[in-house]
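Residues per chain are reported as follows:
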Amino acid sequence: MRRKVIAGNWKMNNNLTESQNLISKLIEGLGKEKTNCEVIICPPFTSLSLAASLISGSIIKLGAQNMYFEENGAYTGEISASMLLSSGCEYVILGHSERRHIFGETDDLINKKIKKALSSGLKPIFCVGETLDERESGVTNEIIKRQVYEGLNGLSEKDLDTIIIAYEPVWAIGTGKTATPNQAQEVHNFIRNLISDKFSSAAAEKIIIQYGGSVKPDNAKELLSQKDIDGALVGGACLKAESFIGIIQAA
Ligand code: PGA
């Protein structure tokens, strides 16, 4: 049985005071929960070290929302893997659709970032997903296959032990439109088969595949009960402690 992993992607939200308030509420709420799922929060860079100290001793783990693949140097505005590690991160989201579509990140760049994260000891949460146009033109599988294969290009089966894949249909992110449990399950199963073809059936059986796109407490249970859905990457609903905890409870 695969574990369930619920991650909250705060995106560009919460200054230090707001971060402190949200984390305190999460710790208070989760303190009473008996949960066997893994819980990760991904605040903005500026809140990472504060978050690391606040979650210490709790069940919550820390992730970042992005990083650059170079070690250090003249890359104004970028953040390295070692900076994230020294801020207390265990995870890093890579290839989020907002990075792909607003900031022009390519499959090749995302692949370089995944390799750097792995060689540095960070666990990537690697996002893939089709746009509405792509879904409507019937090329969803083609797009997902390209993103998965190019993103994981050059990796070994062993590397997959520390990678989480997040399937996030772009048309469901922040729109209130969720993929139906069937639509999501279909793509999750397709991704698992891609992993089986490229790596092995054992690797496919083990890999955690999260769903993301307007996950809320009231749709989480049905999505998470699908055979190939192992968790959720949550945006909007992770900004309120009650709704993020509601999703964790559903898992
Ligand atoms: P959403 O975002 O839950 O607000 O749709 C999900 C994501 O972008 O990870």
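The coordinates are above.
Residues numbered from 1 in each chain as written. Predicted model: local features only at pLDDT ≥ 70, side-chain atom pairs only at ≥ 80, totals over all residues. Heavy atoms only, no water.

**Student:** Can you walk me through the site of the ligand in this structure?
**Tutor:** Taken together, 13 residues form the shell around the ligand, and within it Lys 11, His 96, Glu 168, Gly 174 and Ser 214 come nearest. His 96 places a polar side-chain atom, nitrogen or oxygen, 2.7 Å from an oxygen atom of the ligand. Within the contact set of the ligand, an oxygen atom lies 2.8 Å away from a backbone nitrogen or oxygen of Gly 236. Bound to the protein, the ligand loses 96% of the 280 Å² it would expose on its own. (Near = heavy atom within 4 Å. Polar contact = N/O pair within 3.5 Å; in protein donor to acceptor, adjacent residues only side chain to side chain. Areas by Shrake-Rupley, 256 points an atom, 1.4 Å probe, with all protein chains shown as cover.)

**Student:** It is not clear to me how the pairing of strand β2 (residues 38-42) should be interpreted in this structure. Could you clarify?
**Tutor:** Along any regular strand the residues' side chains alternate between the sheet's two faces. Among the five residues that make up β2, five are buried, leaving the element largely enclosed by the rest of the structure. Where strand β1 (residues 5-9) lies against β2, five bridges are found, and the strand directions are parallel. Bridging from a neighbouring strand, Val 5 pairs with Glu 38 of β2. Strand direction decides the pairing type here: β2 and strand β3 (residues 60-64), joined by three bridges, are parallel. Pairing of Val 39 across the sheet is with Ile 60, part of β3. In this fold, β2 hands off to helix α2 (residues 48-55), which returns the chain to β3; that crossover is right-handed. (Buried < 20%, exposed > 50% of the residue type's maximum accessible area, 1.4 Å probe, protein only. Helix = DSSP H or I, 4+ residues; strand = E, 2+ residues; numbered from the N terminus. Pairing = 2+ DSSP bridges. Right-handed = clockwise from strand over helix to strand, strands pointing away.)

**Student:** I keep staring at the pairing of strand β4 (residues 91-94) and nothing clicks. Help me out?
**Tutor:** Of the two faces of β4, the one carrying Tyr 91 and Ile 93 and the one carrying Val 92 and Leu 94 are both buried. Following the chain from β3 across helix α3 (residues 81-86) to the adjacent parallel β4, one finds a crossover that is right-handed. Note that β4 and strand β5 (residues 123-128) share four bridges and pair parallel. Within β5, the position partnered with Leu 94 by the bridge is Phe 126.

**Student:** In this structure, what is going on with the sheet that holds β5? I would like to understand it.
**Tutor:** Hydrogen bonds between backbone groups are what pair the strands of a sheet, and the pairing can be parallel or antiparallel. Around the barrel, which closes on itself, the eight strands sit in the order β1-β2-β3-β4-β5-β6-β7-β8 with parallel pairing between neighbours. Strand-to-strand, the axes of this sheet are offset by a mean angle of 25°, without reference to chain direction. For strand β7 (residues 208-212) and strand β8 (residues 231-234), the ladder comprises two bridges, and the chain directions are parallel. Looking across to β8, one finds that Tyr 211 is bridged to Ala 232. Where helix α7 (residues 140-151) meets the sheet, its contacts fall on β5 and β6 (164-167), and the angle it forms with β5 comes to roughly 155°. Contacts from helix α11 (residues 241-250) reach β1, β2 and β8, with the element oriented near 160° to β1. (Axes fitted to C-alpha atoms, helices over the stretch in contact; angles between N-to-C directions. Contact = heavy atoms within 4.5 Å.)

**Student:** Looking at this structure, how should I read the packing of aromatic side chains?
**Tutor:** Think of a pair of aromatic rings as described by two things: how far the centres are apart, and how the planes are tilted against each other in angle. Applying the stated criterion to the full structure yields three aromatic pairs. With centroids separated by 5.2 Å and ring planes inclined at 45°, the aromatic side chains of Tyr 68 and Tyr 75 adopt a geometry described as tilted. On the accessibility criterion, Tyr 68 (19% relative accessible area) is buried. Taken together, Tyr 68, Phe 69 and Tyr 75 form an aromatic cluster joined through their ring pairs. Arg 99 extends its terminal NZ or CZ atom over the ring of Phe 103, reaching a point 4.1 Å from the ring centre. The positively charged end of Lys 112 is found above the aromatic ring belonging to Phe 69, 5.7 Å away from the centroid. (Phe/Tyr/Trp six-rings, centres within 6.5 Å; stacked < 30°, edge-to-face > 60°. Lys NZ or Arg CZ within 6 Å of the ring centre and 35° of its normal.)

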